[in-house]
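Here is what each chain is made of, one letter per residue.
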Amino acid sequence: DTIDERRRHGRRISDLPSGASVTLPRMARRDDVVWWPTVEEALSRLTVRDLQARATAIATKVPSRKPQLVAMLAEQLEGERLHALWERLGELERAAIAEVVHSPDCWFDAARFRAKYGNDPDWGERDRWSSWVSASPLQLFLYDRVIPDDLLARLQEFVPRPLEAALESLDERP
């Protein structure tokens, strides 16, 4: 399946009118999901503060200007750096990415993930005003619950399929 064939719901950010603002509700439905064509476009929609939180997850020296932050973070998601970043992820974070990469809908469903794995992946730490204090490297892969198209294509080359969902059953009633 191509990326476009798998995304039957939602809109690409590039399909919106120029200058249009995109705000997703906290509990967005599938048809409210926005697809990002490139990592750079997804990153450029974030605030400098959010970009800096993501950058501190992978580097000690972080640029203060938005164009340099976007370039630095996008560079980390290519070639060998992408593979190195993948290796740094924990088991649940890898599972979250695998679920998106290999799902028919190509978006992260938190409730389905929690039901299947029994926990949430590490997203990082928020302050009392819900701003990111520190971000997990997972936030470099997912933007508004989706992986940008160019990154998704690169990840499809090496990310293994996630575990199949399974229920434990008993031979006899307790």
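Further up the page is the structure itself.
Residues numbered from 1 in each chain as written. Predicted model: local features only at pLDDT ≥ 70, side-chain atom pairs only at ≥ 80, totals over all residues. Heavy atoms only, no water.

Some words on the environment of aspartate 109
Here aspartate 109 lies in the loop between helix H6 (91-101) and helix H7 (110-117). The class of aspartate 109 is partly exposed, set by a relative accessible area of 22%. A distance of 3.2 Å separates a polar side-chain atom of aspartate 109 from the backbone nitrogen of alanine 111. (Helix = DSSP H or I, 4+ residues; strand = E, 2+ residues; numbered from the N terminus. Buried < 20%, exposed > 50% of the residue type's maximum accessible area, 1.4 Å probe, protein only. Polar contact = N/O pair within 3.5 Å; in protein donor to acceptor, adjacent residues only side chain to side chain.)

Topic: unusual backbone geometry
Even without being a glycine, cysteine 106 presents a positive backbone phi close to 60°. As for its placement among the helices and strands, cysteine 106 is situated in the loop between H6 and H7. One non-glycine residue, arginine 145, lies in positive phi territory at about 75°.

Quick notes on H6
By the criterion of burial, H6 is predominantly enclosed, with eight of the eleven residues buried. Of the positions making up H6, those classed as buried are Glu93, Ala95, Ala96, Ile97, Ala98, Glu99, Val100 and Val101.

A closer look at the nonpolar core
Among the nonpolar cores identified, the biggest contains 40 residues, and Leu43, Leu77, Ile97, Phe141, Tyr143, Ile147 and Leu155 are the most heavily contacted of them. If you list the elements that add at least two residues to this core, you get helix H2 (39-44), helix H3 (48-56), helix H4 (66-75), helix H5 (79-88), H6 and helix H8 (149-156). (Core = buried A, V, L, I, M, F, W, Y, C linked by side-chain atoms within 4.5 Å.)

A closer look at the packing of aromatic side chains
One pass over the full model with this rule turns up four aromatic pairs. Geometrically, the ring pair formed by phenylalanine 108 and phenylalanine 113 is tilted, given 5.4 Å between the ring centres and 50° between the ring planes. Exposure remark for phenylalanine 108: the relative accessible area of 4% places this residue in the buried category. (Phe/Tyr/Trp six-rings, centres within 6.5 Å; stacked < 30°, edge-to-face > 60°.)

Digging into the environment of tryptophan 107
If you trace the backbone, tryptophan 107 turns up in the loop between H6 and H7. Owing to a relative accessible area of 8%, tryptophan 107 belongs among the buried residues under this scheme. Remark: the alpha-carbon pair of tryptophan 107 and valine 34, spanning 73 residues in sequence, is separated by 9.7 Å.

A word on the packing of H6 against H7
For the pair H6 and H7, the least separation of the axes is 11 Å and the interaxial angle reads 130°. By the criterion of interaxial angle, the relationship of H6 to H7 is oblique. Of the two elements, H6 crosses H7, and the hand of that crossing is right-handed. Here Leu92, Ala95, Ala96 and Glu99 of H6 come into contact with H7, specifically with Phe113, Lys116 and Tyr117. The residue makeup of the contact of H6 with H7, split by class, is five nonpolar, no polar and two charged. (Axes fitted to C-alpha atoms, helices over the stretch in contact; angles between N-to-C directions. Parallel < 35°, antiparallel > 145°, perpendicular 65-115°, else oblique. Left-handed = near helix turned anticlockwise from the far one by under 90°. Contact = heavy atoms within 4.5 Å. Nonpolar A, V, L, I, M, F, W, Y, C, P; charged D, E, K, R; others polar.)

Examining the packing of H3 against H4
Taken N-terminus to C-terminus, the directions of H3 and H4 make an angle of 35°; their axes are 10 Å apart at the nearest point. As H3 runs across H4, the sense of the crossing is left-handed. Seen from H3, the contacting residues are Val48, Leu51, Gln52, Arg54 and Ala55; seen from H4, they are Lys66, Leu69, Val70, Met72 and Leu73. Class assignment for the residues of the contact of H3 with H4 results in seven nonpolar, one polar and two charged.

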